Amino acid sequence: MNQATEQHNNTDQKEEGDFDVAGTILNHIRDDHSWHLWGHTSIHLPVILKTDKGFEAFSSSRLSDEHHQLVVYNGNYPYKQVDGKIKVMNADGSINKEASKKVFDISITKNVVSMYITVFLLIIIFLGVAKAYKKTGVTSAPKGFQSFIEPVIIFIRDEVGKPYLGHQAPRFMPFLLTIFFFIWINNLLGLVPFFPGGANVSGNIAFTLTLALFTFVIVNVNGKKDYWKHIFWMPGLSTGMKIFLMPIELLGVFIKPISLTIRLFANMTAGHILVLSLISLVFIFKAVSASAMAVPFTVFISVIELLVGFIQAFIFAMLSALYIGMAIEEHHEQELVL
Amino acid sequence: MLLEINPLVLPDPGLMIWSALAFAILLFVLGKFAWKPIMKAISEREQGINDSLATAEKVRAEMAQLKSDNEILLVQAREERAQILKEAKEIKDKMINDAKEQAKDAAGKIMADTQQAIENQKMAALIDLKNQVGNMVVEVSEKILRRELSNKPEQENYIKQLTNEIKLN
């Protein structure tokens, strides 16, 4: 391991045959403008930028030359990819930080494509299942994919919806089911090591933050009077205590979505890092024999990740339901007597 | 900026926009065309299963009820039979008793009538006897009167003898 750390420290002075573990892993788990398929073949995804000179779009192939070295592309500004991000360069080859901040990158990246593959898959699957229900009616037993999906839906309804939302569950089931299946399928696709998968969508903090924001909005839009009362003026306590609790409770409103964001992001990223690290052992030791240990471990971790992928999707949906349930709960005024 | 230390924990706004769009599309499309019919179908199926189970339970309860009703009917029928038998026996006994009573009464009446008849006959016989005695006395008296009334002791003896004869009766 010392050797690995040393190699990591010496990444700047890279020699031929040297293997940069941290760099490789980070490169794999981070978003990218092109999707590597195999060898030197990759899909170059479109780059869409908005600057003060307006929108511009170009292929990400312009950002690298035929030797796969990153080069400057002269659009409205001279752009270059630095650590996966598109930066505006100065004439002398340094980053123009001022101009770079004004660049708003809404490119179709690897994660975006992967995410929309998931969207496509989900729509195909669930419209098909819905059609099956319409065709066979409710009197016959579920068939094919329907019989695989139905228990999962019932599981989410009975383990997530009903315990936390009670009779209000049907109102929020579409949200809970969508968020659960969206995360789950993204997690599963992330575990597939080649083309349609391999993107680390659910391990990307922007993705998890967005989903957490949906939960945040739904929680606070549906929050009942009691919910706000418990935040700003906790009933049953002395005035001093009420004032003391107010900022804490208010902070809690924001900590909830943040915890959702970080939990999913950290779990999925950790899984990817773990699998990649185990595979990297082969390159660190520079011996095929290392795979005798690395491959079984990778398989083991991958199987665990399969489980984690489901559990994290379930936990995200469950906590969302819990937060919504806390917000819409109607307290039957039970004053705390101290 | 602290967050700029590691690009991994820096949310990319572009990706956030695409994520929000993706989730919104999913929520709309699936919510409208998938979750609604699926949830409806599932709850309908569950409702159907629950209804069937409830119906089966009800039918079973009805069967049990019928069975116990039958048993109650059977017991009642048995009791009724016993009652009827008892009543019949009572009626029979009563009839026999009544008949006995009547026979006794009739016998008693017959006896009384007979006694009455005997008494009457006896009285009639006595009257007849008395009449005959009277006649006899008249006859004896005639005979005595026809005989001379000289022999006084002899007369007295004779009267005594006659009197004795009468007593014999």
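Since the model is a prediction, treat every value here as computed from it, not as a measurement.

Calculation rules
Residues numbered from 1 in each chain as written. Chains lettered and ligands numbered in written order. Predicted model: local features only at pLDDT ≥ 70, side-chain atom pairs only at ≥ 80, totals over all residues. Heavy atoms only, no water. Helix = DSSP H or I, 4+ residues; strand = E, 2+ residues; numbered from the N terminus. Buried < 20%, exposed > 50% of the residue type's maximum accessible area, 1.4 Å probe, protein only. Contact = heavy atoms within 4.5 Å. Areas by Shrake-Rupley, 256 points an atom, 1.4 Å probe, with all protein chains shown as cover. Lys, Arg positive; Asp, Glu negative; His and termini not counted. Charge placed at Lys NZ, Arg CZ, Asp CG, Glu CD. Buried area = accessible area lost by both parts, 1.4 Å probe. Salt bridge = Lys/Arg side-chain N within 4 Å of Asp/Glu carboxyl O. Polar contact = N/O pair within 3.5 Å; in protein donor to acceptor, adjacent residues only side chain to side chain. Nonpolar A, V, L, I, M, F, W, Y, C, P; charged D, E, K, R; others polar. Domains from an automatic or database assignment. Patch = residues over 30% accessible without salt bridge, like charges linked within 9 Å, V, L, I, M, F, W, Y side chains within 5 Å. Pairing = 2+ DSSP bridges.

Draft legend 1. Spotlight on the overall build of chain A. If you tally the helices and strands in chain A, you get 10 helices and 8 strands. For the C-alpha atoms alone, the extent of chain A along its principal axes is close to 70 × 55 × 45 Å. Of all 338 residues assigned to chain A, the portion counted as buried reaches 43%. For chain A, the share of sequence-separated contacts (at least 6 apart) that also reach a separation of at least 24 residues comes to 62%. As displayed, chain A offers around 17,800 Å² of accessible surface, 66% of which is attributable to carbon and sulfur atoms. Distance from the positive charge centre (26 side chains) to the negative charge centre (26 side chains) of chain A: 9 Å.

Draft legend 2. Expanded view of the interface of chain B and chain A. Contact residues are listed per partner, giving 34 residues for chain B and 51 residues for chain A. In total, about 3,800 Å² of surface goes out of reach between chain B and chain A, with carbon and sulfur atoms giving 80% of it. Ranking the residues of chain B by area buried against chain A places B:Phe23, B:Trp35 and B:Arg45 at the top, with a combined share of 19%. Linking chain B to chain A there are 2 salt bridges. Of the charged contacts, one joins B:Glu46 and A:Arg157 as a salt bridge, the two residues approaching to 2.8 Å between their closest N and O atoms. Counting across the chain B and chain A interface gives 7 residue pairs in polar contact (both at pLDDT 80 or more). Along the lines of polarity and charge, the residues of the side of chain B that touches chain A split into 27 nonpolar, 3 polar and 4 charged.

Draft legend 3. Expanded view of the side chain of A:Asp32. Take A:Asp32: it is sitting in the loop between helix H2 (21-29) and strand E1 (34-38). Despite being buried, A:Asp32 has no salt bridge partner; A:Lys110 is the closest side chain of opposite charge, sitting 5.6 Å away.

Draft legend 4. A look at the domain arrangement of chain A. Residues and elements named next belong to chain A. One can read the domain layout of chain A as domain 1 (32-108) and domain 2 (112-336). Computed over C-alpha atoms only, the centres of domain 1 and domain 2 are separated by 32 Å. The partner domain 2 presents 8 residues to the 6 residues of domain 1 that form the contact. Together domain 1 and domain 2 conceal approximately 490 Å² of surface at their shared face, both sides included; 87% is due to carbon and sulfur atoms. Considering only the surface of domain 1 that becomes buried against domain 2, Trp35, Leu37 and Ile108 emerge as the three largest contributors, covering 81% of it. The tally of links from domain 1 across to domain 2 stands at 0 salt bridges.

Draft legend 5. Structural detail: a nonpolar patch on the surface. Residues and elements named next belong to chain A. On the surface, a nonpolar cluster with roughly 720 Å² of combined accessible area is contributed by Trp228, Phe232, Trp233, Ile243, Leu250, Phe254, Ile258 and Ile262. Put simply, the parts of the chain that give the nonpolar patch at least two residues each are helix H8 (225-232) and helix H9 (239-285). Considering each element in turn, the nonpolar patch owes the most residues, 5 residues, to H9. Along the chain, the position of phenylalanine 232 falls in helix H8.

Draft legend 6. Structural view of the sheet that holds strand E4 (residues 54-59) of chain A. All names here are of chain A. Across the sheet, 3 strands lie side by side as E4-E3-E8; this open sheet has antiparallel pairing. Taken across any chain shown, the strands that pair with only one partner, and hence form the sheet edges, are E4 and strand E8 (104-105). With 6 bridges joining them, strand E3 (residues 46-51) and E4 adopt antiparallel strand pairing. Looking at the pairing, valine 47 lines up with phenylalanine 58 of E4.

Draft legend 7. Seen up close, unusual backbone geometry. In this structure, A:Lys286 takes a positive phi of about 50° despite not being glycine. As for its position among the elements, A:Lys286 is in the loop between H9 and helix H10 (291-328).

Draft legend 8. Spatial organisation of the sheet that holds strand E7 (residues 85-88) of chain A. All names here are of chain A. Ordered by their spatial adjacency, 3 strands build an open sheet running E5-E6-E7, and the pairing between neighbours is antiparallel. In the strand order of this sheet, the two ends are held by strand E5 (73-74) and E7, each with one partner. Pairing analysis gives 2 bridges linking E5 to strand E6 (residues 78-82), with the strands arranged antiparallel. Bridge pairing in E6 links tyrosine 73 to tyrosine 79.

Draft legend 9. Highlighting the pattern of salt bridges. Here the structure, examined in full by the defined rule, presents 6 salt bridges over all chains. We note a salt bridge from B:Glu44 to B:Lys40, for which the minimum N-O separation is 3.8 Å. Of this pair, B:Glu44 and B:Lys40 both sit in helix H1 (residues 13-146), 4 residues apart, roughly one helical turn. In this structure B:Glu44 comes out as partly exposed when scored by relative accessible area, which is 38%. Through salt bridges that share partners, A:Arg157, A:Asp158, A:Lys162 and B:Glu46 make up one connected network.

Draft legend 10. Highlighting the pairing of E1(A). Residue and element names in this part refer to chain A. As paired strands, E1 and strand E2 (residues 41-44) are joined by 4 bridges and run antiparallel to one another. Within E2, the residue paired with serine 34 across the bridge is histidine 44. Counted along the chain from E1 to the antiparallel partner E2, the turn is 2 residues long, and its residue glycine 39 has a positive phi close to 45°.

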